[in-house]
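Remarks on the overall topology
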Amino acid sequence: MKALLNRYISLIAFLVVLIAWEGACRLLEIPQYVLPAPSVIAAAIGDVGLGRWLEHTLATLSVALVGFAVAIGLALPLAIGIVSSPLLARLLMPWLVVIQSTPIVAIAPIIVVTLGAGVLPRVVITTLIAFFPIVVSTATGLASVPPELVELSRSLRASRRREYWQIRMPFAIPYIFSALKVAITLAIVGAVVAEFVAAERGLGYLILFTTSSFKVPVAFGALAILVSCSLVLYGLIVWLHRRLFPWSLGLDR
Amino acid sequence: MNPVIELAGVTQTFVSSDGTPVTALQNVDLGLRKHEFVSVIGPSGCGKSTILRLIAGLLRPSGGQVSIYGLPVTEPRDEIGMVFQKPTLLPWLSVLDNITFPMKHKYGRVDARDAERARELLEMIGLADFGHKRPHELSGGMQQRVAIARSLLHDPDILLMDEPFSALDALTRDEMSFELLRIWNERPKTVVFVTHSIQEALLLSDRIVVMSARPGRVSEIIEVPLARPRTLETLSNPLFNQLANDIRVKVFSRRPE
Ligand SMILES: Nc1ncnc2c1ncn2[C@@H]1O[C@H](COP(=O)(O)OP(=O)(O)O)[C@@H](O)[C@H]1O
Ligand SMILES: [Mg+2]
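This text gives an overview of the structure that appears in the document. (Residues numbered from 1 in each chain as written. Chains lettered and ligands numbered in written order. Predicted model: local features only at pLDDT ≥ 70, side-chain atom pairs only at ≥ 80, totals over all residues. Heavy atoms only, no water.)

Thoughts on the overall build of chain A
Along its length, chain A carries 10 helices and zero strands. In sequence order, the secondary structure elements of chain A are arranged as α-α-α-α-α-α-α-α-α-α. The principal-axis extent of the C-alpha atoms belonging to chain A is close to 75 × 60 × 30 Å. Looking at chain A as a whole, 43% of its 253 residues qualify as buried. (Helix = DSSP H or I, 4+ residues; strand = E, 2+ residues; numbered from the N terminus. Buried < 20%, exposed > 50% of the residue type's maximum accessible area, 1.4 Å probe, protein only.)

Pasting the structure below:
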């Protein structure tokens, strides 16, 4: 019984919150456009229909995932560059800090104006939001290698490529995965922000569109789907980490 | 006989993080004969690790010259094996793959001969059944043995060891010392062994280099008159304790404090 409670405690808490929410909405007769009850949200989700949900969800997910992939593709080489060359580090760091300090949400409209409406500006916004933690974390991981191992590599006169591939990158794996967990969530945020600015599809677009016409339950439905997507993608990364690099789990920090 | 390793008037200065120059070594002269076992002992920061890195070719001296077989050291050389204070094994590789890692790292592949030799080494360090385990499944002493095996894979002429047993408990340490002597007997090498332990230095070495700090220099070189092979009996030999005391006095009298 106790073990069962331990295992399902978060699920139980979730259900309790849902029930309390439902009860509060009914008892206090809170209007739908302020806070719809879970049952109303569920009904609204049903009304919209699977086809449209799929269309909006896929639109958001594809932007988030492409932006995420581009962020990884940019961040890993950048991190390697920063760690391997002090000159590159001095050259790149100020730019990275500037990008990180810029509220991407604020420049999102500018990006849309500059790059036009379409998928490109949305992917750019997503990438800009997601890539910074990957760079920082990967660079930290690459630099966290015990100095003795670097000396071992030097004493063997191994190439820098092998130093990175066979020693530094594997050591950075736990750091990279910690960053990916943060970045995938940020990628969803980025995609939604981009849709707020300019889109004709997507869950962010749907939230903006439905709230402006007081269809708040649908907006909540879209929100629930967004949260589910985030959780599933997060879980997927945790699973990939366990599956591909089981040896690195104990090293996670 | 010409020395295998020679340091002649070696000076090493570093720029510390606050920008001031640090003299890590000043005018160090040292020659090691073929297959000699020499320990280096001295307070922290006196430049022991720096000496090893100079011999390994990982560092170019600010002054003076380091030579191996009479040739100045300009880059790391193949005939050197290194063992560090921590085992620094790669956690994602099996024990066997860790031992062959230097080949994989240097040449990009491990041929059948290397694999065979790794198995022999594993046998020699008494871990024949552990080849497919991961490092974290081994005790600290076992891990350090694997690190020693890794350093021996290419059968180096010169072995540089930087406080290799200092992270181990006292019992394991003695055991490892005898093990190292056995390995050194089987395959003679010129060894530079950095340690904090006077007993360890006495038990292992032909000569002990005593260093003083700030700036690091050689204050004394002591011949160890204990007969070989050294065994458990050596430890209980009255001469052993006598020598240990003498060295302790010498090491402490050099302390500025
Ligand atoms: N790469 C380096 N940069 C700056 N100072 C260093 C560096 N390596 C060693 N030192 C300094 O040189 C001195 C000797 O260091 P080291 O050889 O590691 O001493 P030991 O191994 O005897 O403890 C210390 O004061 C240390 O701070
Ligand atoms: Mg040291």
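After presenting the structure, the write-up continues.
Focus: helix 3 (residues 112-124) of chain B
Residues and elements named next belong to chain B. Over its 13 residues, helix 3 extends 18 Å from the first C-alpha to the last, a length consistent with the 18 Å expected when each residue adds 1.5 Å. All buried positions along helix 3 are accounted for by D114, R117, A118, L121, L122 and M124. Here the buried residues of helix 3 occupy an arc of 155 degrees about the axis, which is enough to place them on one side. For helix 3, the exposed residues set more than 90 degrees away from the buried face come down to A112 and E123. (Expected span 1.5 Å × (residues − 1). Arc of directions from axis to C-beta.)

Observations regarding the interface of chain A and chain B
Of the residues lining the interface, 19 residues belong to chain A; the matching set on chain B comes to 22 residues. For the pair chain A and chain B, the summed buried area comes to about 2000 Å², and 66% of that belongs to carbon and sulfur atoms. The tally of links between chain A and chain B comes to two salt bridges. Across the pair E151(A) and R53(B) runs a salt bridge whose closest N-O atoms are separated by 2.9 Å. (Contact = heavy atoms within 4.5 Å. Buried area = accessible area lost by both parts, 1.4 Å probe. Salt bridge = Lys/Arg side-chain N within 4 Å of Asp/Glu carboxyl O.)

So, the site of ligand 1
All names here are of chain B. Residues in close proximity to ligand 1 include F14, V15, A24, S44, G45, C46, G47, K48, S49, T50 and R53, which together make up its full environment. In the model, an oxygen atom of ligand 1 is placed 2.7 Å from a nitrogen or oxygen of the G45 main chain. Residue G47 places a main-chain N or O atom 3.1 Å away from an oxygen atom belonging to ligand 1. Broken down by element, the shell around ligand 1 gets its largest block of residues, four residues, from helix 1 (residues 48-56). Of the residues contributing to the shell around ligand 1, the split by class is four nonpolar, five polar and two charged. (Near = heavy atom within 4 Å. Polar contact = N/O pair within 3.5 Å; in protein donor to acceptor, adjacent residues only side chain to side chain. Nonpolar A, V, L, I, M, F, W, Y, C, P; charged D, E, K, R; others polar.)

All we've got here are geometric facts, nothing functional implied.
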